[in-house]
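Descriptive structure summary
Below, each chain spelled out in residue letters.
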Amino acid sequence: MLIACWSVKGGVGTTAVAAAIAVSAAHHGPVLAVDLAGDLPGCLGVAESVGPGVSEWLAAGAEVPPDALHRMQDPVAVNLSLLARGRGPQPAHRARALVQLLAATGGTVVVDCGRLDGDHPVAVTVAAEADRSLLVTRLCFLGLRRAAQAPLRPSGVVVIREPGRALTVADAERTIGAPVVADVMIDPAVGRAIDAGLLTSRLPRSLAQMMTLVAA
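First, a word on what this report is: a plain description of the structure on this page. This is a predicted model, so every value here is computed, not measured.

Concerning the overall build of the protein
If you tally the helices and strands in the protein, you get 11 helices and 8 strands. Computed over C-alpha atoms, the radius of gyration of the protein comes to 16 Å, within 12% of the 17 Å expected from 2.2 N^0.38 for 216 residues, which places it in the range of a compact globule. Along the first, second and third principal axes, the C-alpha set of the protein runs to 55 × 35 × 25 Å. With 216 residues in all, the protein has 49% of them scored as buried. A separation threshold of at least 6 residues defines the contact pool for the protein, and within that pool the share at least 24 residues apart is 73%. Total accessible area on the protein stands at roughly 9,800 Å², and carbon and sulfur atoms take up 55% of it. Of note, the protein has its 18 positive side-chain charges centred 6 Å away from the centre of its 18 negative side-chain charges.

Comments concerning the pattern of salt bridges
As enumerated under the stated definition, the model contains 7 salt bridges in all. Salt-bridge contacts for R115 lead to D117; the nearest nitrogen and oxygen are separated by 2.7 Å. Judged by its relative accessible area of 39%, R115 falls in the partly exposed class. The partner of E162 in a salt bridge is R165, with the nearest N and O atoms 3.2 Å apart. The structure contains a network of salt bridges with shared partners spanning R138, E162 and R165.

Some details on the environment of V54
Summarising the element assignment, V54 is placed in helix α3 (residues 54–60). Sequence separation between V54 and L139 is 85 residues, and the spatial gap between their C-alpha atoms is 32 Å. Excluding residues within four positions of it along the chain, V54 makes contact with V34, D35, L36, L83, A84, R85, G86 and L98.

What about helix α5 (residues 95–103)?
Within the sequence span of α5, burial applies to A95, L98, V99 and L102. Along the axis of α5, the buried residues cluster in a sector spanning 100 degrees; they form a single face. Exposed and oriented more than 90 degrees from the buried face of α5 are R96 and Q100.

Quick word on the pairing of strand β1 (residues 2–7)
Two faces belong to every sheet, and in a regular strand the side chains alternate between them. Of all 6 residues in β1, 6 are buried; the element is thus mostly enclosed. As judged from the 4 bridges shared by β1 and strand β6 (residues 132–138), these two strands associate in the parallel manner. When the sheet's bridge partners are listed, W6 is paired in β6 with L135.

Here we look at the packing of aromatic side chains
Per the counting criterion, the structure on display carries 0 aromatic pairs. Sitting over the face of the ring of W57, R94 holds its NZ or CZ atom 3.8 Å from the ring centroid.

Notes on the sheet that holds strand β5 (residues 108–115)
Strand order in the open sheet formed by 8 strands is β3-β4-β2-β5-β1-β6-β7-β8, with mixed pairing between adjacent strands. Edge positions in the open sheet fall to β3 (74–77) and β8 (180–185), since each of these has one partner strand only. Going across the sheet, the axis of each strand differs from the next one's by a mean of 25 degrees, ignoring polarity. Inspection of the sheet shows strand β2 (residues 31–35) paired to strand β4 (residues 80–83) by 4 bridges, in the parallel sense. Within β4, the residue paired with V34 across the bridge is L83.

A short note on the side chain of S55
Structurally, S55 is set in helix α3. A distance of 3.4 Å separates the side chain of S55 from the side chain of Q90, its partner in a polar contact. Apart from the residues within four sequence positions on either side, S55 is in contact with R85, G86, R87, G88, P89, Q90 and P91.

Re the pairing of β2
With 5 of its 5 residues buried, β2 lies for the most part within the structure. Residues of β2 alternate between two faces, with V31, A33 and D35 on one and L32 and V34 on the opposite face, all of them buried.

Side note on the side chain of T108
Inspection of the secondary structure puts T108 in strand β5. We classify T108 as buried; its relative accessible area is 15%. Aside from chain neighbours lying at most four places away, what touches T108 is M1, I3, P30, V31 and L32.

Rules used throughout
Residues numbered from 1 in each chain as written. Predicted model: local features only at pLDDT ≥ 70, side-chain atom pairs only at ≥ 80, totals over all residues. Heavy atoms only, no water. Helix = DSSP H or I, 4+ residues; strand = E, 2+ residues; numbered from the N terminus. Rg over C-alpha atoms; globule rule 2.2 N^0.38 Å. Buried < 20%, exposed > 50% of the residue type's maximum accessible area, 1.4 Å probe, protein only. Contact = heavy atoms within 4.5 Å. Areas by Shrake-Rupley, 256 points an atom, 1.4 Å probe, with all protein chains shown as cover. Lys, Arg positive; Asp, Glu negative; His and termini not counted. Charge placed at Lys NZ, Arg CZ, Asp CG, Glu CD. Salt bridge = Lys/Arg side-chain N within 4 Å of Asp/Glu carboxyl O. Arc of directions from axis to C-beta. Pairing = 2+ DSSP bridges. Phe/Tyr/Trp six-rings, centres within 6.5 Å; stacked < 30°, edge-to-face > 60°. Lys NZ or Arg CZ within 6 Å of the ring centre and 35° of its normal. Axes fitted to C-alpha atoms, helices over the stretch in contact; angles between N-to-C directions. Polar contact = N/O pair within 3.5 Å; in protein donor to acceptor, adjacent residues only side chain to side chain.

What follows is the structure, encoded as structure tokens:
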């Protein structure tokens with residue numbers, strides 16, 4: 001199962017959602033978390049990789065051994081590994097080969113695609129071809145307006161709900177044209193766990209249960 005998490009506006013919580021899905025799914029089987037945006041290691045509470053990552057694999061060319069992606073993975077927790085973004089640009093010509101290799105990985109693969117736009121064609125390709133393409137958005141007018149103009153239609157929407165917002169889940173579904181698969185209320189406990197580097201062990205139970213359903 002290849003799950004891509006993405007947004008059309010920065011700061012909505014895409015990386016936190018991707019991390020929560022990966023941590024939750026790891027309770028049920030092997031999970032590979034893939035970072036295309038650059039913030040996933042910090043969110044999972046691990047150090048930045050000093051070795052090559054996705055960017056170097058994309059730039060290396062077709063001569064790279066098929067198992068190179070596997071050898072780049074770093075263990076994070078039981079059943080959970082991380083494939084870091086790496087450094088430098090991400091050439092788009094091998095984007096579909098990347099999707100094929102990730103899809104052939106055993107278990108669940110969760111990709112943090114970050115914000116989709118013309119400057120991130122690899123992320124757009126992964127999000128477009130994933131088994132489950134999840135748009136992460138907040139219930140705000142600007143966020144939903146941008147989501148309606150997204151470069152692709154998601155298979156599902158993860159709504160991040162803030163107290164006091166007038167817009168509803170129905171508004172999000174009607175505007176985006178895709179079902180809301182998770183309605184997540186902002187929880188300070190998640191932020192505290194991320195700040196402490198303890199998300200893998202302190203993910204709130206209610207959020208873990210919701211994210212398990214999203215990944216099922």
